Structures are given as structure tokens and as C-alpha cells.
Amino acid sequence: MERWEGKVAVVTGCTSGIGSAICAELCRSGMIVCGLARRKDKVEQLRASLFGAKGQLNAVECDITNEQSVKQAYGWIEKTLGGIDLLVNNAGVVSKFMLLDDNNTKDLKAMLDANILALCICTREAIKSMKSREVDGHVININSIFGHKVNTCVPGTKPVNGMYPACKYALTAITECLRQEVMYREMSTKVTNISPGLVENDILTTAGIDSNELVKYMPRLRPESVAKAVVFAITVDDDVLVQDIILKPMGEFL
């Protein structure tokens, strides 16, 4: 991680679970981390727990579903810290609504806004920062096992998939499209897709999905394991791209 010491990382969805673990891992490795969140106080709590770390964590107020808010946050980062070297797109939302539920249009749009459009905007602006400074940046998309396989529903039980797998499948495609566009722009920026299975304290295991009999008793990954996968992806040789990582806890059958 020596090459990343002093470099600036932006992490979305940083207030709990995977996002918090990634912020902590990067901060302890010497990076200047900017945790984007609508509530800065939650990031400040994490910041206090990292006192004495080699790097630093900055709490940056931002609603990633609001394009102007993203631009303001990135503007502060550019002005104060010089620009973005690493972006970790971790934020996302899940819903209990099914695709065929009545009056779910607002919810479906919210899923698309948070999981797809916001990620694209955050990535576009980060790539712009990397391009303008001619840095060899990196974009990490925290995807899901559901971006590769739709969860099988136990017959007779309520399906829990809804729009979520569709968003994650889209992210799998977006990652490849970004890789192609970066290459077209003759940039050395890397784009990596990391797809964990069930993770303790992530949005799937804290949003009532545990009520589904198929996943209720399944083993879980630790958030720290996902953070270590991020470190692995950004520390390989310059001429190597880790494009996809799938992480599953031992014994998981998704």
C-alpha cells in the first residue's frame, strides 16, 4: 500500500458495514479518506475510532442521489485535498417491495436512482478529476453475488429479490462499460467489480431479508474481508487489472 499513502480515496455508503470497514482499512494504510454521507455525524463517529491511524478520515456531507450535492462535495475535495485518486462506490439501497406490488413506482425509481444513476454520476466526476490530473486512478464498484445470480425463492415463501438483483446485474455491465470507456480515453485508471455474498451488517442482512428462510441461517462474510479485497485489487502490479472478484463465505449456497 506504500504507493497509495497520502493519496485521496472517496468512499460512498461509509457509515456502517462494508463502507466503514473499507474506510478504516484505507485510513490505517495511510490514505486520506473522504467518507461521503448525508449525515456527517455518523462519519465523525468512525473518524474518532481511527485516532492515531497512519492516514486520516474526512467526513464529507453529500447526498449521492443529488447531482449538485455530489459536485459540491467533489469540489471541496478538489480544493482542499487536490483531487480524487481512488473511488469506492459502496452506497446502495434495498427494498422489501416486489416488482408486482401496487403503488411501488416511487420505490422502484428510488432503487434506480441510488444504485445505478448515483453511482454513474459519482464515477463520472471522479474520472474527470483523475483525467485532469493525469493520475493512474482506480474505481472500485462494490457489487453483490446477486449481480451474477438471482436468489432462488423457497416455494411458498415471499420472494425477496425485487429490483435489487436487476440493479446489481446492471452494475456488472456498467463496470465493463466503464473499463472500455476509460481505455478509449487512453487513461490508465482501473475499474474493478467486487461482488460479496452475504455480509454481516450490510443492507441485505439489516433490511429484514433475514426473514426469508433460504438466507436466514446462512453464513456471512465479515466486512473486513471485503475491505481486504479492495486492498488486494489496488495493490497488484501496474500492468495487471483485477476486473472481477466474487467473495463467498464458506458454506454459502447462493
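Located above this text is the structure these notes cover.
This report concerns the structure included in the present document. Because the structure is predicted, anything quoted here is derived from the model rather than measured.

What follows is about the packing of aromatic side chains. Summed over all chains, the structure comprises 1 aromatic pair. Measuring from centroid to centroid gives 6.3 Å for phenylalanine 146 and tyrosine 164, while their planes differ by 75 degrees, and the two rings are edge-to-face. Pair noted here: phenylalanine 146 is in the loop between β5 (138–142) and α5 (164–184) and tyrosine 164 is in helix α5, with a separation of 18 residues, a long-range link. Comparing phenylalanine 146 with tyrosine 164, the two get one shared label, buried.

In this structure, Ile22, Leu26, Leu86, Ile140, Ile142 and Ile194 are the most contacted members of the largest nonpolar core, which totals 38 residues. Beyond its immediate sequence surroundings of up to four residues, leucine 26 is in contact with Met1, Ala9, Val11, Met31, Val33, Leu86 and Ile234.

So, about the pattern of salt bridges. Close approach of charged atoms allows side chains of opposite charge to pair. All told, the structure shown has 11 salt bridges when counted by the stated rule. A salt bridge links glutamate 224 to arginine 222; the nearest nitrogen and oxygen atoms lie 3.8 Å apart. On the accessibility criterion, arginine 222 (47% relative accessible area) is partly exposed. The network of salt bridges with shared partners includes Glu67, Lys71, Arg124, Glu125 and Lys128.

On to the pairing of strand β6 (residues 190–196). Burial within β6 is extensive, with 7 of its 7 residues counted as buried. Here β6 shows no split at all, with Lys190, Thr192, Ile194 and Pro196 on one side and Val191, Asn193 and Ser195 on the other all buried. Both β5 and β6 contribute to a ladder of 5 bridges, which runs parallel. Paired with valine 139 across the strands is valine 191, a residue of β6.

To continue, consider the sheet that holds β6. Across the sheet, 7 strands lie side by side as β3-β2-β1-β4-β5-β6-β7; this open sheet has parallel pairing. Sheet topology places β3 (56–61) and β7 (244–247) at the edges, where each strand pairs with a single neighbour. For this sheet, the mean angle separating the axes of adjacent strands, direction not counted, is 20 degrees. Where β6 lies against β7, 4 bridges are found, and the strand directions are parallel. Residue pairing for β7: asparagine 193 is matched across the bridge by aspartate 244. Packed onto the sheet, helix α1 (residues 17–28) meets β1 (8–12), β2 (32–37), β3, β4 (86–89), β5 and β6 and runs at close to 170 degrees relative to β1.

About the criteria used
Residues numbered from 1 in each chain as written. Predicted model: local features only at pLDDT ≥ 70, side-chain atom pairs only at ≥ 80, totals over all residues. Heavy atoms only, no water. Phe/Tyr/Trp six-rings, centres within 6.5 Å; stacked < 30°, edge-to-face > 60°. Helix = DSSP H or I, 4+ residues; strand = E, 2+ residues; numbered from the N terminus. Buried < 20%, exposed > 50% of the residue type's maximum accessible area, 1.4 Å probe, protein only. Core = buried A, V, L, I, M, F, W, Y, C linked by side-chain atoms within 4.5 Å. Contact = heavy atoms within 4.5 Å. Salt bridge = Lys/Arg side-chain N within 4 Å of Asp/Glu carboxyl O. Pairing = 2+ DSSP bridges. Axes fitted to C-alpha atoms, helices over the stretch in contact; angles between N-to-C directions.

By themselves these figures say nothing about function.
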